[in-house]
Structures are given as structure tokens and as C-alpha cells.
Amino acid sequence: MTLPGSKQKPIQPWPYTHYGEWIRFVLGYAALGIAIAIALVWLNPGWLYSVIPQDDSARHEGFNRDMPVETDRDIAARPAQLGQPVSYAESVARAAPAVVNIYSAPSETEQFTPPGYRHPLLERFFEQPGHPPRLPRHQANLGSGIIISENGYIVTNHHVIKQAESIKVVLPDKREARATVIGEDPETDLALLSIDLQELPVISFGDESDVRVGDVVLAIGNPFGVGQTVTKGIISATGRDQLGLSTFESFLQTDAAINVGNSGGALIDAHGRLIGINTALFDRGGGGSHGIGFAIPASMVQSVISDFFEHGQVVRGWLGVKTQRLTPPLARSFDLDESKGVVVTEISPGGPVEGGTLKTGDVLTKIDGTQIESVQDFLRATGRSPPGTSVEVSGYRDGDPFNKKIVLGKNPKSDAR
């Protein structure tokens, strides 16, 4: 209130007469500021750390400051400590020159019309449009092989050369020669060839008994005929059998890529030594590698080659019976407590046990003390000894145990090429 005659200015009323309006004013601007800050952080997350000091000790609380840090020098020294090279180039350089390509030799030229030849877009690629050209018969890529002797001996898979009328071998240095078949062993899927060339590179054998699951291996071969190729993997398993690939099986399994044309090629260790011959791959029908490949171990290769050199063929002991695995239902039918062994299903006429030494229905559990649990075990136990060897066969007949001395005969398949 202003007194009469007073010069005092009148008191201006407070613009916000109600506290509620004032609170809405503050909250509105606060919400706007928060929205702007959120937008800035979203557009540039690092902005928050540039304006807010960080406590390093808090951020790294619980972090082990004594954790070892691996330097470049440590990394360079690590392969030597583990026995593994940084590069496998030297190992490949030692082995690859001895891995050859195997082809079917071309025959005389013949009339050959390429598929779709009369298509107008394709005629221009040939010399005489509208007429079939004379082209040499296509040279088929059969697979790979490995030089094992300076005298020109080459080992490969039997299935690689089985259907070939004539065989040509091409070395990595581009030399080539016709090959002669020295020996074939379908039961291990191995074959020995010979070529007449001088100054041949030779591969070194390793001992696959030292091979462990997880060891690095390299596969060398000629997949799909594209030329010599090297793939890397590890040993996935050893002693793989009952795959139905051959009679005598004890494969090395690897995830090194093996494709069509790798058959007969080398599986080497990290030092360039031969530990197996690539033989087969797991294929669901697509034709490519699924990371499951199989190789014949080096010891089996050496055994078969030795027989070729000494006898001209592979000579194995033979019991003269066919068998099947003893399953739990069969074991119960024979009143046996364990299903370990094989059951004799057939006696071969003229064989070592003809005449009652063994009979159909006999259960064989051991040969020379070696436990028999599968047909593969039985074949290996009889085949590892030469004909004329006396072996002790243990088993059951009509539920009663027996032990018999039997002289092995010669496997008739040994005479077959």
C-alpha cells in the first residue's frame, strides 16, 4: 500500500502466484536439458568420458595387473618351445617333389563332339563351324602317387589305377613317363608302380606309431586335376576300421581337406615325413571335403611294399574261415557271458581247418593271445603271419572252451592281381 504523498514505488506482484506453476517451469527446463544431454551422448558416446573425469583405479578394480604380456619375441620363440614351425614351407619342400600326378595315358585321336557343339554361340570356338573337330581323347586325372625309391618305384592306391589301360606319371618338375604295374593288393587298396627316370626325388617315411590325435598334418595331392595342392589339418583319430573301404583297415583320420584326385597322395607330418597315404573321404554326395578323410598308415604301406619286393605279391596267412561279429543276442544264444569274439559262419573247402578242426558256430575269442572283438581283428591276427605259421586259436564250441594249434595256409587272394 502507498501512503498519500509518498514517492515509494508500488510493489510489483510475483509473476507466479502459485508454487505449482513455478515447479512446472523448473521441471520443464530440466527435462529439456536431460533430453539434450541424452541426444549428445547417443550421437557421440565418447563425449561423456571427455567431460567427466574417470577414476582408473575404480575402472580396473579386480583386473590382474600381473597377467603376462606376450611380446613379439615371445611369439617368435613359442613355436620352437612347442616343436611346431611357424611355416610348413620347408616341410612341404622336402616332400612335395616326390608326390606325382597319375593320369590315364591318351590314345590316338578320335572324332569327338563336345556337348552343345552345334550351339551357335559355341561354334566360333572351333576351327570348322558346323563340323565336329578331331580332338585327342581326354586325358583322365586318376589321382596321385608317391616316389619311394630312386629306382623309380611309386606307391599309390589300387583303386586309382584299377581301371586304367595305360598309366602316365607326371612329376612336379614336369617330367613324365609311362608306368608299369609291379603289384596290386586290393585288400589294403595299395599298388606299386615303376617308371624309368633318373635323379628322382624320394620321400622319407615317418613312424605313425608316434602320431597322436591333434598332431598337425599336411595332405599333398592333385585334387580335381588342378595341379599339386597342399592342405593342412590335424589327426582326428587313429585306428579307424569297419568302414567297409578295404579288407584290412586301420586308417588315420584327418580333417585336412581331401578331395577327388588326392587318392594315393601323401599325408605328411610337420617335418615332411610320410605317415600315411590319402585314400578316401567322407562324402554325402556333394563331392567336396567334409573334414573327414582317411589315410593308410605308413607301416601298412611298408609291409605291403616289402612283400611286393620279396615275393612279387602280398603273402598273408589264412585260416580258411569266414566270420561275423559276436553280438550280444548271439552270445546269449551260445550261453556266453561276454559278446567278445567272432562266430565261424563258413569253412572254405581245401582250407587249413577243413575236416573238423573248426566248425560253423564256433566262437573264436583269441589268436596267439590277441583278443578278437571284430572281424577286422580276426583278419589282422591271421594276416600278419606268413603261411606255414602255427597259431593258437582259443574259443568256445557248444559253450565249452577250447585251444587249438592250427597251421595257417596261403590266402588264395594273394595270387590274384
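1. Describing the sheet that holds strand β14 (residues 293-297)
- Spatially, β9-β10-β11-β14-β13-β12 is the arrangement adopted by the six strands of the closed barrel, whose pairing is antiparallel. The mean inter-strand angle of the sheet, taken between neighbouring strand axes irrespective of direction, is 45°.
- Bridge count for strand β12 (residues 266-269) against strand β13 (residues 274-281) is three bridges, and the pairing is antiparallel. Looking at the pairing, Ile-268 lines up with Leu-274 of β13.
- Against the sheet, helix α8 (residues 298-311) makes contact with β13 and β14, and its axis sits at roughly 45° relative to β14, the strand it touches most.

2. What about the packing of aromatic side chains?
- Scanning all chains against the criterion turns up one aromatic pair.
- Where Tyr-153 meets Phe-309, the ring centres are 4.9 Å apart and the plane angle is 70°; that geometry is what we call edge-to-face. Here the residue Tyr-153 occupies a position in strand β5 (residues 153-157), and Phe-309 occupies one in helix α8, the gap between them amounting to 156 residues.
- The aromatic ring of Phe-402 is capped on one face by Arg-397, whose charged end is 5.9 Å from the ring centroid.
- A cation sits over an aromatic face here: Lys-404 above Phe-402, 5.6 Å from the ring centre.

3. Some remarks on α8
- Helix length check: α8, at 14 residues, gives a terminal C-alpha distance of 20 Å against a target of 20 Å (1.5 Å per residue), a fit within 8%.
- Burial in α8 covers these residues: Ala-298, Met-300, Val-301, Val-304, Ile-305, Asp-307 and Phe-308.
- Contacts from the buried residues of α8 go to β5, β7 (176-185), β8 (190-194), β13 and β14.

4. Structural notes on the confidence of the model for the protein chain
- Model confidence for the protein chain is summarised by a mean pLDDT of 75, while 69% of its residues fall at 70 or above.
- Confidence over residues 56-70 falls short of pLDDT 50; this stretch has five contacts with residues more than four positions distant or in other chains.
- Taken as a whole, residues 107-137 scores under 50 in pLDDT and shows 33 contacts with residues more than four places along the chain or in a different chain.

What counts and what doesn't
Residues numbered from 1 in each chain as written. Predicted model: local features only at pLDDT ≥ 70, side-chain atom pairs only at ≥ 80, totals over all residues. Heavy atoms only, no water. Pairing = 2+ DSSP bridges. Helix = DSSP H or I, 4+ residues; strand = E, 2+ residues; numbered from the N terminus. Axes fitted to C-alpha atoms, helices over the stretch in contact; angles between N-to-C directions. Contact = heavy atoms within 4.5 Å. Phe/Tyr/Trp six-rings, centres within 6.5 Å; stacked < 30°, edge-to-face > 60°. Lys NZ or Arg CZ within 6 Å of the ring centre and 35° of its normal. Expected span 1.5 Å × (residues − 1). Buried < 20%, exposed > 50% of the residue type's maximum accessible area, 1.4 Å probe, protein only. pLDDT = per-residue confidence, 0-100.

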